[in-house]
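Examination of the molecular architecture
Letter by letter, the chains look like this.
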Amino acid sequence: MRRYHVTTFGCQMNAHDSERIKGMLEELGLGETHTAEDADVLVFNTCTIREKPDTRLAAHLGNAKALKERDPERVIAVGGCYAEAQRERIFAQYPFVDVAFGPGSIPHLAEWLGAGGHGIARSSFGIAEERRFAATLPSSRERPFQAWVQVSMGCNSKCAYCIVPAVRGREVSRRPGEIVAEVTRLAAEGVKEVTLLGQNVNSWGRDLRADLDTEFGELLRACDAVDGIERIRFTSPHPKDFREPVIAAIAECDAVCEHIHLPLQSGSTRILKSMRRTYSRERYVALVEKLRAAIPDLALGTDIIVGFPGETEEDFGETLAVVDEVGYDSAFTFVYSPRAGTEAAAMPDQVPDEVKRDRIERLVEVVQRRARERNDARVGLVEEVLVEGPSRTDPARLRGRTRRNTTVNFTGDARPGELVLVEIDAATSTTLGGSRAVLVAA
Ligand code: SAH
Ligand code: SF4
Ligand code: F3S
């Protein structure tokens, strides 16, 4: 049996694409191996959002080159966003690569490999021609009770720092009937938690026909109505697209979790404008208040970039102030990384590296302090936890996630996939601790 190995970089969309790549390879009769050395087909599903994933990929490809020298029959495939961004250069850069494919061309990989997979002239498939939803392919999921569901591909925003629109193309929404059919099928297979995925998930539906019910809130309601789905999450929404019907649907649907990822990027209206985020500091904070008023016990996550071109100490101070004011439950913090071809990469006033490093350290401090306070407030409460498996730090305990998306390590018996009640007795800035609650009948 020929065997494959997939290495995934980047966001949840890429992780989901990898499930499709694996499903497709399995349908072609290949089996998965967990070590690259044993694989006949090596796939790298790449990310190019910042410089760091590019550098990590280069190291991985160095290994792949050595493996290919040992066994020239081995097939090396590079897919995903880096492949798309470098489509002109990838074979010159890495001559041992056999096939390159963009995120919209995953179905072509099967055709190419199915036709032999080696001995064929090098090919590269890009998004420019014809993009297809990977969501229509077979899939290989990591956990039987959780699933990602792709609702759209691409992004129509023009955030000045971001490479995604260039590599994932214009936004195309999947039809609601197809999405609900997939959720229904997943529920029948035992899935309890679905995460709806789109680069700009809450702008879903704008490009579909006017006679279809296509507004993100309606989609949430339709998924909520599927029997067996206990938890619905979605990522990543854009603050500009949180209209009233979406907020109402989150508040009213039992399965939609009390957790929203609300990318801030910067707390300075001046920088937000230069980033082309289309909201101001005031509008963002007002949205937070509106969401918290409508959805009791809401947890908020965010993404923040420091050192965007032209960011002054004063601008950065505004970011710190918003983080302090909002009090996020979790936050991903990034040092701005110029990406070739984006608007911001060509801007004057690039911020020096040492300034960026100093700012991110100060930002992380405030993020962690506020997150710790938020988690401390959970101590003494009983939380519903979806069990995922053994704890990563202490195998004698279990690990799962609350509806508010916080990881909980706890003692007590339970099976992965089970929903249990956990009494919280400890907190850090990123996790909670506790023990399975014993319910005493009155
Ligand atoms: N579609 C999602 C995810 C975009 S990428 C969204 O719009 O939220 C995830 C995060 O990476 C972004 O929210 C941003 O904070 C960060 N990011 C994107 N481009 C970046 C760059 N050039 N440098 C640093 N961080 C970046
Ligand atoms: Fe990038 Fe902005 Fe689109 Fe998100 S909304 S993917 S940050 S362009
Ligand atoms: Fe990276 Fe592409 Fe996602 S650039 S963050 S894998 S959309």
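Residues numbered from 1 in each chain as written. Chains lettered and ligands numbered in written order. Predicted model: local features only at pLDDT ≥ 70, side-chain atom pairs only at ≥ 80, totals over all residues. Heavy atoms only, no water.

Comments concerning the overall build of the protein chain
Stated precisely, the cut-off is as follows: We count a stretch as a helix when DSSP gives it H or I for four or more residues in a row; a strand needs E for two or more, and each element gets its number in order from the N terminus. Exposure categories follow from relative accessible area, calculated using a 1.4 Å probe and restricted to protein chains: below 20% of the type maximum is buried, above 50% is exposed, and the middle band is partly exposed. Here a residue-residue contact requires only that any non-hydrogen atoms of the pair lie within 4.5 Å. Here the accessible surface of atoms and residues is derived via Shrake-Rupley with a 1.4 Å probe, and residues count as covered only by protein chains that are part of the display.
Counting secondary structure elements, the protein chain contains 13 helices and 19 strands. Over its C-alpha atoms, taken along the principal directions, the protein chain stretches across nearly 70 × 60 × 50 Å. Of all 442 residues assigned to the protein chain, the portion counted as buried reaches 55%. Taking contacts inside the protein chain between residues at least 6 apart in sequence as the whole, the part at least 24 apart equals 72%. When the accessible surface of the protein chain is summed, it comes to about 19300 Å², and 51% of that surface belongs to carbon and sulfur atoms.

Structural notes on helix α11 (residues 281-294)
The condition that has to hold: To estimate how far a helix should reach, multiply one less than its number of residues by 1.5 Å. To be clear, the arc concerns the directions from the helix axis to the C-beta atoms.
Compared with the 20 Å implied by 1.5 Å per residue over 14 residues, the 20 Å span of α11 between its first and last C-alpha is a close match. Of all the residues in α11, the buried ones are Y284, V285, L287, V288 and L291. Taken down its axis, α11 places every buried residue within 155° of arc, on the same side. Opposite the buried face of α11, at more than 90 degrees from it, the exposed residues are E282, E289 and A293. Lining the buried residues of α11 we find α9 (244-252), β12 (259-261), β13 (299-306) and α12 (313-326).

Some words on the site of ligand 1
Heads up, the rule is: Residues are classed as near a molecule or strand on a simple rule: at least one heavy atom within 4 Å of it. Between N or O atoms, a polar contact is any pair within 3.5 Å; within protein, one atom must be a potential hydrogen donor and the other a potential acceptor, and residues adjacent in sequence are included only when both atoms are from side chains. Side-chain classes follow a simple rule in which Ala, Val, Leu, Ile, Met, Phe, Trp, Tyr, Cys and Pro form the nonpolar group, Asp, Glu, Lys and Arg form the charged group, and the remainder, Gly included, forms the polar group.
Residues in close proximity to ligand 1 total 14 residues, the closest being Y161, Q199, Q265, D303 and S337. Between ligand 1 and D303, the relevant distance is 2.7 Å, taken from an oxygen atom to a side-chain nitrogen or oxygen of the residue. For the shell around ligand 1, the elements supplying multiple residues, two or more each, are β13 and β14 (330-335). Here the shell around ligand 1 is composed, by residue class, of seven nonpolar, four polar and three charged.

Comments concerning the site of ligand 2
Surveying the vicinity of ligand 2 reveals the residues C155, S157, C159, Y161, C162, V164, P165, H238 and R277. Looking at the shell around ligand 2 residue by residue, the classes come out as six nonpolar, two polar and one charged.

Side note on the packing of α9 against α11
The condition is simple: Note on definitions: angles span 0 to 180 degrees between N-to-C directions of axes, and those axes are lines fitted to C-alpha atoms, for helices only across the stretch in contact. By definition, turning the near helix anticlockwise from the far helix through less than a right angle yields a left-handed crossing, and turning it clockwise yields a right-handed one.
Following both chains from N to C, one finds α9 and α11 inclined at 35°, their axes separated by 9 Å at the closest point. Crossing angle aside, the handedness with which α9 passes α11 is right-handed. Taking contact as the criterion, the partners of E244, I247 and A251 in α9 are, on α11, L287, K290, L291 and A294. Residues of the contact of α9 with α11, tallied by class, amount to five nonpolar, no polar and two charged.

Quick word on the pairing of strand β15 (residues 382-390)
Filter applied, for reference: A pair of strands is treated as paired once DSSP finds two or more bridges between them.
Direction of pairing for β15 relative to strand β18 (residues 419-427): antiparallel, over a ladder of five bridges. The residue of β18 that forms the bridge with E383 is V422.

Quick look at the pattern of salt bridges
For the record, the criterion: A side-chain nitrogen of Lys or Arg and a carboxyl oxygen of Asp or Glu constitute a salt bridge if their distance falls within 4 Å.
Under the definition given, this model contains 42 salt bridges. Notably, a salt bridge pairs E32 with K22, separated by 3.3 Å at the nearest N-O pair. Within this pair, whereas E32 is found in strand β2 (residues 31-32), its partner K22 is found in helix α1 (residues 12-27), the two being separated by 10 residues in sequence. The class for E32 is partly exposed, based on a relative accessible area of 29%. If you follow the salt bridges from partner to partner, you end up with D297, D329, R374, R378, E383 and R404 in one network.

Concerning helix α7 (residues 176-188)
Residues three or four positions apart in an α-helix share a direction because the helix packs 3.6 residues into each turn. For α7, with 13 residues, the first-to-last C-alpha span of 18 Å sits near the 18 Å given by 1.5 Å per residue. Burial in α7 covers these residues: P176, I179, E182, V183, L186 and A187. Take α7 and look down its axis: the buried residues cluster within an arc of 135°, on one side only. Among the exposed residues of α7, those pointing more than 90 degrees away from its buried face are G177 and A188. Here the buried face of α7 lies against α1, β7 (146-150), β10 (193-197) and α8 (216-224).

Quick look at the sheet that holds β15
Around the barrel, which closes on itself, the five strands sit in the order β15-β16-β17-β19-β18 with mixed pairing between neighbours. Across the sheet, the mean angle from the axis of one strand to that of its neighbour is 50°, orientation sign disregarded.

So, the packing of aromatic side chains
Filter applied, for reference: Any Phe, Tyr or Trp ring, taking Trp's six-membered ring, that has another such ring centre within 6.5 Å forms a pair; planes under 30 degrees apart are called stacked, those over 60 apart edge-to-face, and the others tilted.
Applying the stated criterion to the full structure yields five aromatic pairs. Plain terms: the ring middles of Y161 and F308 are 6.3 Å apart, the flat faces sit at 85° to each other, and that makes the pair edge-to-face. With Y161 in the loop between β8 (152-153) and α6 (164-168) and F308 in the loop between β13 and α12, this pair connects stretches of sequence that are 147 residues apart. A relative accessible area of 10% means that Y161 is categorised as buried. Plain terms: the ring middles of F216 and F234 are 5.4 Å apart, the flat faces sit at 70° to each other, and that makes the pair edge-to-face. Placement of F216 in helix α8 and of F234 in strand β11 (residues 231-235) is noted, with a sequence separation of 18 residues between them. You'll find F216 and F234 in the same group, each marked buried.

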